[in-house]
Structures are given as structure tokens and as C-alpha cells.
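Topology and contacts: notes
Listed here are the chains, written in short residue letters.
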Amino acid sequence: MNLEIYDSTLREGEQSATVTFTWEDRLKIIEELDRLGVSCIETGMLTSQRDLEFIRRAAALRLSHSSLSAFGATRRAGEMAKDNEGLSLLADAPVSIVCIFGKSWGYQVEKVLRTTKEENLSMIRDSVSFLKDAGKRVIFDAEHFFDGYSDDADYALSVLRTAWEAGADTVVLCDTNGGMLPDVIGMATSAAVTAAQEMTKETGSACNVGIHCHNDMGMAEACSVSAVLSGAVHVQGTISGIGERCGNANLNTLIPVLQLKLGFSCIGERLALLTDTARRISEFANRAFDEREPFVGGYAFTHKAGTHIDGVIKSPRSFEHISPTAVGNMRNMIISSLSGRSAMVEKMARILPHLDRESPEVAAALEAVRIKEEAGYSYDDAEASLLLVIRQALGMRREYFQVPHFKVMTDEGSGKEENMRSTAMIKVEVGGMEELCAAEGIGPVNAMDKALRQALVRFYPSIDQMHLTDFKVRVVSGGATAAVVRVVIESTDGVAVWRTVGVSPDVISASWQALRDSVDYMLELRAGEKS
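First, a word on scope: everything that follows refers to the structure included in this document. Note that the structure is a prediction, hence the values are computed from the model and not measured.

1. A closer look at the overall build of the protein
In terms of regular secondary structure, the protein is built from 17 helices and 16 strands. Its C-alpha atoms give the protein principal-axis dimensions of roughly 80 × 60 × 45 Å. When each of the 531 residues of the protein is scored for burial, the buried share is 51%. For the protein, the proportion of contacts with a sequence separation of at least 24, taken over those separated by at least 6, is 65%. With the model as given, the accessible surface of the protein reaches about 23,500 Å², and the carbon-plus-sulfur share is 49%. Charge-centre separation for the protein: the mean point of 55 positive side chains lies 3 Å from the mean point of 73 negative side chains.

Below, the structure is given as C-alpha cells:
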């Protein structure tokens, strides 16, 4: 059975407290969602000529799999639909689908809209009819449906019937407050589906039911699944669940659950693009990617315990509920004191593929990791540094550059925090040639990063594509200012993402270790691509 996946990242996602999209961001996100193959992409709230101009730009994109939808509201109380500016903009929008929302909870009608239940039904009827007359496919979002159904089921269902009678193709049941449990969602959705079936017989036109859940209790995905199992055929959500308050139903989770676990057709073979798409959109949203996300997160298929690693090597099904490749992700095994020889053999396979548990190289690598861990290093979240340690233990780590000298200075300026700047001066040597560079940055790590890359770009032009995306510091021993700190740096070259670690009583030294490892790892990656 096919499900219609309706993405609302550009509207609901931007209602998140930490997210703002430029027009260019929006266009790139639309292209990513089209590549993923979602059924419909909401372009955002349409309230002005400027919004309409963006939709015109979006409509000019050459999309292969997705349709675009514009979003708006029903008319106001006491006016005609044809006189409502928002509805007129929707009617003029160069898209075939429009989605409008209206109230389905009597409490909201009387307390928020300050009108009567009868007038609310008229607002819905007039608005849907107006847009159908304009040749649009109309989706009606029944806002607060589940609260309304719990309070007055007959009125909530009359809202749905009114929308269908006026020509709405799909009516979406919204858990706007995000406060419903999955069993309540399922029961109310079943009642709505029954009403839809009755209306289909009466009108001779298909009346569909959809679901739109918010995540205020951490149950948006479970509630959405419950609705689908109760007959909903249209599913709304956002990438990574970004949205107002606690967010919306997460399509990164919903799509594979519905497709892989329940057998519904959502995006077909393009499911393998899910992880990459999720990460790209997170970059456009300028937000740190949640590595603990199910299916697409970096930790989703990461194993650390020795027994788990041994089991997954022998039979992946023993500790993985799906194949990572099904969603475009990959398996990862963390090497630590909890891991055994099997884990190290698996980790070293990309370097020396013919090793076994008894190989002396495996013992040497484990010993190197043990020594590092005793010094405060942890490779749980720094696999790039781990691979460099393994190469070092095997005598296979290449020295891409030497640093005869580097110096970091912080200038407090006028004493105000916003005026504090750092300067780094670094001399590198590559193949007997030297390069000396200085750079100013916001903080010493930023300055070191800039200076090092400026010095190296002459010898390794690809280094210009690299930049830091995250920086974390943690105290691992000692106290107060005498503590040993662990620094983890996340870097990217626009394609791959990697993390490196440094440990020292001096935070600058620890940062330098992590930064140097980060550069070494990138150069190792590029060397591997050329070999």
C-alpha cells in the first residue's frame, strides 16, 4: 500500500527556536527532498507577495519525484473567501497543491477565534470550495483534532465532513498540542477513517485521512504509526523532527519504520539516500546533527561491548534490527578496553585486510590503544584519531608535514569579551620546503585552524575544502585549573565527517593534537582516494 509522505520542514522546521532558512537554503532543501522522493514538499506559509515570489522560484526547479504545496489558513470569521488575501495568494500560487488549516476543537473556536461553531464550519466550507474552484488539490489540516475529538467527537467529525463535502481531497488529523497517546490517536483515527469511507460512498470521490503529530511527549512517531495502522494514508513530518516547541514527527524515523517494518511504500528504493539527505538538510539548517537519531545517526549502528561486536561480526542480525545500508548508514565498532581482538581485527580490516585474532599486529594495536586510554584518551567519538593510532602502532602513519614552530596569543583588547581576539603563527615544513603563516580568529583554536590550513594549502590544495564543525572540551582528571582535559574536534570536507581527540593539562595543547589529527586524517583520506 502506498503512503503519501508530506514534508513540512520549510514551515514547521523553521518554527523551531534555532532554525532560520535563507531562500537559497530553502531551494537546496527542496532539491534534497525531491532526490529522496517524498511525495509532497510544503514550501512554507504563504501570506505575502514576497512569499509568492519564493514559490515561483521553487516552482521553476526541475523536480523529478515530488510535488510542491503552499500553506495557508481558512478565511476569517465574517468575511467571504474571495476577499481573503491569503486565500487569493494560494489560488494564484504556481503549485497544484495547497494546504490550509482550520479549527476542529470547539474550545479553540470559541476562545481563540472568538466565533461560533457554525461560523467555523462556514469558514472551512467557503475556503476549501474557493480553492477547489481555483483548480487546486486541497489538503485540509484539522488543527487540534484529537483534543476536539476527546471534548466533542461529533463536532470534530463534523469539521472533517464539512471539508470533504466542500471538496477537500485529504483531511489531516493534527495533534497540535502533542499531548495524545498512541492508543487515543489510533481510536480517533479509526473513527475518522470510518467517516471518510461513508463520505466516499456519498460523494463518489475519494476522501482520504492524514496524520500530523507534534512531539511534546516524545511520541510523535509512535502516534503517527498508530494513525497509519488505523487507516491514515497521508503522513506529515519534518526531517530530524525539527519544529516548534519539542518538534514534529521525525521523517528520518517514520519513513523506515513504515517502509521496512510495516511494508508500506513510502519512498521505495530511494530509502538508501535517507542518511545522506538528513545530514545535508541539517547542514542547511545550521544545526548540529543528532548522532543518536535512530536509523540515520552516527551511533545508530555503533557497537562497543566486546560480546556485541563479536556477535555482529558473526551474524549482523544478532545485534542489528536492519542492515545499515538499507537507510544509507554504516556499521561502526568502537575500540576500547571493553572491546576484544575480534573488534580490532574488524577495525583494522581497511588497513590490513588479511589479519586474524592471533596476528601480532592486532596485539600491538590493542596495546597502543590501552596506553592511550590510560592517559585519558577515549575513542568512543573520535574514530579518525583511533585509526591514526593504529597506523602509528603498525609503523604505517605517514608524516604529511612537520611543524618546527607555532605560537598562539590572545589579545584582550579593551577588556570586553566581544573584543578578545586570538592570533596563531605556524611554520610548516613539507618535503624540505617551509611556509610561515599567521591568522587571527575568534579564540585560539579558530586561529590555529586558520593558520594551519593557510600554511598547508600551498602543498595540499584540497585542505581548503576542510573546516571545523564542532568543538568539545571535557575535564577527565584533576580539579579546577590543574585538570587534564580532553578535546574532541569534528571536521568535514563537505562530504565526509570525522572526529579527532587530544588530551593534555593544557587546553591549547589538547586542541592542537586534535586539530593536527584532523588534518592528518583528511590527507590520509585523500591519499586513499588516489591510490
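2. Details of the pattern of salt bridges
Within the structure shown, the criterion is met by 33 salt bridges. In this structure, the salt-bridge partner of Arg-56 is Glu-53, at a minimum N-O distance of 3.6 Å. Linking Arg-56 with Glu-53, this pair stays in helix α2 (residues 49-59), spanning three residues, or about one helical turn. For Glu-53, a relative accessible area of 36% corresponds to the partly exposed category. Across the pair Asp-126 and Arg-75 runs a salt bridge, and its minimum N-O distance is 2.9 Å. Remark: Arg-75 occurs in the loop between β3 (67-73) and α3 (85-92) and Asp-126 occurs in helix α5 (residues 117-133); sequence separation between them is 51 residues. Overall, the relative accessible area of 28% leaves Asp-126 in the partly exposed class. Taking the relative accessible area as the measure of exposure, Arg-75 reaches 4% and is therefore buried. Three or more residues joined by partner-sharing salt bridges are found here, namely Glu-32, Arg-35, Asp-276 and Arg-280.

3. Section: helix α13 (residues 341-348)
Across the eight residues that make up α13, a large majority, six, are buried. Here α13 has its buried residues at Ser-342, Ala-343, Met-344, Val-345, Lys-347 and Met-348. Lining the buried residues of α13 we find α12 (306-314), β10 (332-333), α14 (360-374) and α15 (383-393).

4. Observations concerning the sheet that holds strand β12 (residues 421-430)
The strand order β11-β12-β13 describes an open sheet built from three strands, whose pairing is antiparallel. Unpaired on one side and paired on the other, β11 (402-411) and β13 (433-441) mark the two borders of the sheet. Pairwise comparison of adjacent strand axes, ignoring direction, gives a mean angle of 10° for this sheet. The sheet contact formed by β12 and β13 spans nine bridges and is antiparallel.

5. Focus: the sheet that holds strand β4 (residues 97-103)
Strands sit in the order β1-β2-β3-β4-β5-β6-β7-β8 around a closed barrel of eight strands; the barrel is parallel. Across the sheet, the mean angle separating the axes of adjacent strands is 25° when strand polarity is ignored. Relative to β3, strand β2 (residues 40-45) runs parallel, the two being bridged by four bridges. Counted as the bridge partner of Ile-41 is Leu-68 from β3. Along the sheet, α2 contacts β2 and β3; its crossing angle with β2, the most-contacted strand, is approximately 160°.

6. Considerations on the environment of Asp-493
Within the fold, Asp-493 resides in the loop between β15 (484-492) and β16 (497-504). Separated by 492 residues in the primary sequence, Asp-493 and Met-1 place their C-alpha atoms 40 Å from one another. Non-local contacts of Asp-493, meaning those with residues more than four positions away in its chain, are made with Gln-465, Met-466, Trp-498, Met-522 and Arg-526. For Asp-493, the side chain forms a polar contact with the main-chain nitrogen of Ala-496, separated by 2.8 Å. A distance of 3.1 Å separates a polar atom in the side chain of Asp-493 from a polar atom in the side chain of Arg-526.

7. Observations regarding the nonpolar core
Judged by nonpolar contacts, the single largest core of 90 residues is most densely connected at Phe-140, Phe-145, Leu-160, Trp-164, Ile-211 and Leu-258. Those residues in contact with Leu-160, other than ones at most four positions away along the chain, are Ala-142, Phe-145, Val-171, Leu-173 and Ala-192. By size, the runner-up hydrophobic cluster in this structure holds 60 residues, among which are Ala-343, Cys-437, Phe-459 and Val-503.

Rules of the game
- Residues numbered from 1 in each chain as written.
- Predicted model: local features only at pLDDT ≥ 70, side-chain atom pairs only at ≥ 80, totals over all residues.
- Heavy atoms only, no water.
- Helix = DSSP H or I, 4+ residues; strand = E, 2+ residues; numbered from the N terminus.
- Buried < 20%, exposed > 50% of the residue type's maximum accessible area, 1.4 Å probe, protein only.
- Contact = heavy atoms within 4.5 Å.
- Areas by Shrake-Rupley, 256 points an atom, 1.4 Å probe, with all protein chains shown as cover.
- Lys, Arg positive; Asp, Glu negative; His and termini not counted.
- Charge placed at Lys NZ, Arg CZ, Asp CG, Glu CD.
- Salt bridge = Lys/Arg side-chain N within 4 Å of Asp/Glu carboxyl O.
- Pairing = 2+ DSSP bridges.
- Axes fitted to C-alpha atoms, helices over the stretch in contact; angles between N-to-C directions.
- Polar contact = N/O pair within 3.5 Å; in protein donor to acceptor, adjacent residues only side chain to side chain.
- Core = buried A, V, L, I, M, F, W, Y, C linked by side-chain atoms within 4.5 Å.

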